[in-house]
Amino acid sequence: MEKRQIKPKNSFDLLKSIIIPKNVLLKQCMGNGIISNIFITDIGYYRKALNHYIQRNNGAEQHILIYCVEGMGTVEFQGSVYHIEAGNFIIIPKKMPHTYQANSSLPWTIYWFHFLGSGADQLIASLQHYKAYAGFSEERNMMFDTIYNRLERGFSRENLIYANLCFHHYIAEVVYTDKLLNNDKIKEPDKVEEVIDFMRSNIEKTLSLKEMALAVYLSPSYLSAIFKKKTGTSPIDYFNQLKIQKTTQYLLFTNLRINEIALKIGINDPYYFSRLFSSIMGISPKQYRDNRFN
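It should be emphasised that the depicted structure is a prediction, and the values quoted were computed from it without experimental measurement.

Asker: Sorry if this is basic, but what is going on with the confidence of the model for the chain here?
Answerer: For residues with low pLDDT, the predicted coordinates do not support detailed interpretation. Averaged over the chain, the pLDDT score is 87; the fraction of residues at 70 or greater is 90%. Confidence, expressed as mean pLDDT per element, reaches its minimum in the chain at strand E1 (residues 2–5) with 56 and its maximum at strand E10 (residues 109–116) with 96. Counting contacts from residues 7–13, a segment whose pLDDT is below 50, to residues more than four positions away or on other chains yields 12 contacts. Taken as a whole, residues 179–188 scores under 50 in pLDDT and shows 19 contacts with residues more than four places along the chain or in a different chain.

Asker: How should the pattern of salt bridges be read in this particular structure?
Answerer: Opposite charge on two side chains allows them to pair when their charged atoms are near. In the structure shown here, the tally under the stated rule is eight salt bridges. A salt bridge links Lys 230 to Asp 190; its shortest N-O distance comes to 2.5 Å. Here Asp 190 lies in the loop between helix H4 (157–175) and helix H5 (191–201) and Lys 230 lies in helix H7 (residues 220–231), a separation of 40 residues in the sequence. On the basis of relative accessibility, which here comes to 38%, the residue Lys 230 falls in the partly exposed class. Exposure remark for Asp 190: the relative accessible area of 22% places this residue in the partly exposed category. Linking Arg 257 and Glu 260 is a salt bridge whose minimum nitrogen-to-oxygen distance equals 3.5 Å. Relative accessible area serves as the criterion here: at 52%, Arg 257 is assigned to the exposed category. Judged by its relative accessible area of 27%, Glu 260 falls in the partly exposed class. The network of salt bridges with common partners includes Asp 190, Glu 193 and Lys 230.

Asker: Would you explain the environment of Phe 113 in this entry?
Answerer: Note that Phe 113 resides in strand E10. The class of Phe 113 is buried, set by a relative accessible area of 0%. The spacing of Phe 113 and Lys 205 is 92 residues in sequence and 45 Å in space, taken between C-alpha atoms.

Asker: Just checking my understanding: could you explain the packing of aromatic side chains for this structure?
Answerer: Within a pair of aromatic rings, the relevant descriptors are the distance that separates the centres and the angle that separates the planes. Taken as a whole, this structure holds 16 aromatic pairs when the rule is applied. Judged by centre distance (4.6 Å) and plane angle (65 degrees), the ring pair of Tyr 111 and Phe 144 falls under edge-to-face. Placement of the pair is Tyr 111 in strand E10 and Phe 144 in helix H3 (residues 138–152), with a sequence separation of 33 residues. Classification of Tyr 111 by relative accessible area gives buried; the value is 8%. Put simply, the rings of Tyr 45, Tyr 67, Tyr 111, Phe 113, Phe 115, Phe 144, Tyr 148, Phe 167 and Tyr 170 touch in pairs and so form one group of aromatic residues. The ring centre of Tyr 162 lies 4.0 Å from the NZ or CZ of Arg 150, which sits over that ring. Across the ring face of Tyr 250, the terminal group of Lys 246 is positioned such that the distance to the ring centre comes to 5.8 Å.

Quick notes on the rules
- Residues numbered from 1 in each chain as written.
- Predicted model: local features only at pLDDT ≥ 70, side-chain atom pairs only at ≥ 80, totals over all residues.
- Heavy atoms only, no water.
- pLDDT = per-residue confidence, 0-100.
- Helix = DSSP H or I, 4+ residues; strand = E, 2+ residues; numbered from the N terminus.
- Contact = heavy atoms within 4.5 Å.
- Salt bridge = Lys/Arg side-chain N within 4 Å of Asp/Glu carboxyl O.
- Buried < 20%, exposed > 50% of the residue type's maximum accessible area, 1.4 Å probe, protein only.
- Phe/Tyr/Trp six-rings, centres within 6.5 Å; stacked < 30°, edge-to-face > 60°.
- Lys NZ or Arg CZ within 6 Å of the ring centre and 35° of its normal.

In structure tokens, the structure reads:
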């Protein structure tokens, strides 16, 4: 059962909403390999949405993203009440019973999306927090307008692909802001990002896991666990990937000899360097350089 309450349209300063028909989603999105992993089903913008209230006892058929840029509101699901303020976003998983509403004194201004796809399911499952802080970005708001305006022109294949590829960028920009909140106002230091910064600033060195852990005041075992959880790989493997990324830039944009490049990324053994490069890039450093203009 779903309950909705909003004031009449003329009470909103601005109200936008597009619902993509189910037959269009089936034909143009679900079967389209370019966008089927994450695609929009509904999109909207409510400005100062006084008396905005939604109750879905059985949840929605889609995941929901709400991004608040002004005012306040509350979202409730899984027995938790999330207080949403300007700069916060929240994601409500599909089929999750929920209620949300604007604050009566300072009603929220929100951008919102409903979305589906196998990639969307994986994204939601990977979240550590449903609510987080995304900050403010005029570029992000312009991206929303781009998506909305394209869909407003109709549901051609080209419009849907364009809008949904933009949405991939939009949701990444919101979700992966690196400003996640532990609670409403408490920012959690991101030790993984600190370690990555440490790696990048010491790319010319050979770092052990212990040295990386000491740099961010963690134990090696704990760092390894949280690093792999976030990145999907170990700190040492990630550091090697950064070294090879730097190597490709040297190969593309300088005339340094390959053994000189190896030294610049902290590897003294040219044979090990070549094996490492090949294992990550699939070809040797010499082949990579020879193909740079092809």
